[in-house]
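What the coordinates show
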Amino acid sequence: MSEIVQRAADVARKTNETDIKLAFNVDGSGQVNLETDVPFLNHMLDLFAKHGQFDLTVDARGDVDIDDHHTVEDIGICLGQTLAKALGDKRGIKRYASVFVPMDEALAQVVVDLSNRPHFEYRAQYPSQQVGSFSTELVEEFLWKFALEARVTLHVIVHYGKNTHHMIEAVFKALGRALDEATSIDPRVQGVPSTKGVL
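Below is a short write-up of the structure. Counting restarts for each chain, with residues numbered from 1 along the sequence as it is written. Per-residue local features are limited, in this predicted model, to residues with pLDDT of at least 70; the limit for side-chain atom pairs, both in listing and counting, is 80 or more; totals at the level of whole chains, interfaces and linings are taken over all residues. Here the side-chain values reflect all heavy atoms present in the structure, with hydrogen atoms and water set aside.

Here's the deal with the overall build of the protein chain
- The numbering of helices and of strands both runs from the N terminus, where a helix is a DSSP run of H or I of at least 4 residues and a strand a run of E of at least 2. Scanning the protein chain for helices and strands turns up 4 helices and 10 strands.
- Starting at the N terminus and ending at the C terminus, the protein chain contains elements arranged as β-β-β-α-β-α-β-β-β-β-β-α-β-α.
- Based on the C-alpha atoms only, the size of the protein chain along its principal axes is roughly 50 × 35 × 30 Å.
- Buried residues in the protein chain amount to 52% of all 199 residues.
- Of the roughly 9700 Å² of accessible surface on the protein chain, a fraction of 48% belongs to carbon and sulfur atoms.
- The charge count includes Lys and Arg as positive and Asp and Glu as negative, but it does not include His or the ends of the chains. To locate a charge, the coordinates of NZ of Lys, CZ of Arg, CG of Asp or CD of Glu are taken. Across the protein chain, the centroid of the 20 positively charged side chains sits 8 Å from that of the 29 negatively charged ones. Exposure categories follow from relative accessible area, calculated using a 1.4 Å probe and restricted to protein chains: below 20% of the type maximum is buried, above 50% is exposed, and the middle band is partly exposed. In short, Shrake-Rupley with a 1.4 Å probe defines the accessible areas, and a residue's cover is counted only from the protein chains shown.

This is the structure:
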């Protein structure tokens, strides 16, 4: 029997704007420890990890006295980097997933290809520009930087909704579920799931 390799990674990123330590375990059980200066993002990352069954630890401090932008962006960068490192050559994974998640009146869809080709498509219109003190434009910023650093193709579509919080919550739950499915090991897959022989 082959040895089970834990697919996990951590990263530290320190700039003049942020100081972040992030650890991510693909094969976790939804254990989460989040300490950031952005409460709404804490909530979304908690949903993402719990619904994806990932272990996630984030310790992040940033210049939120200016705004939340740098902190949200850099956490997206760090999360993407740890996913890429944890998956390695992506041997045996399913690679693709498409997941719909409802949150009351809202419906979000996330489609992912762990392709090693960063691409991001985003179709979402929110009724309000803020959820509490959180700017909704930062959702796109987070997801784009995550996709870029994880080197994945990511399509996010919010089909409808009336409550901005519900709509964004559906996105993060769907992202967790989609990544859980795409990263899962399929015993039928021999080597890397690509006709090129490499991802």
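What follows picks up the thread again.
A look at the packing of aromatic side chains
- Any pair of Phe, Tyr and Trp rings, taking the six-membered ring for Trp, is counted once the centres come within 6.5 Å. Such a pair is stacked with planes under 30 degrees apart, edge-to-face with planes over 60 apart, and tilted for the rest. Here the structure, examined in full by the defined rule, presents 7 aromatic pairs.
- Through successive ring pairs, a cluster of aromatic residues spans F24, F48 and F54.

Some remarks on the sheet that holds strand β5 (residues 96-103)
- At least two bridges found by DSSP between two strands is the condition for calling them paired. Taking strand neighbours across the sheet as the criterion, the 4 strands line up as β5-β6-β10-β7 in an open arrangement whose pairing is mixed. Only two strands of the sheet have a single partner each, and these edge strands are β5 and β7 (119-123). The average angle at which neighbouring strand axes cross in this sheet is 10°, direction not considered.
- Examined bridge by bridge, β7 and strand β10 (residues 153-160) share 5 bridges and lie parallel to one another. For helices, the fitted axis covers only the stretch in contact; all axes are lines through C-alpha atoms, and the angles between them, taken along N-to-C directions, range from 0 to 180 degrees.

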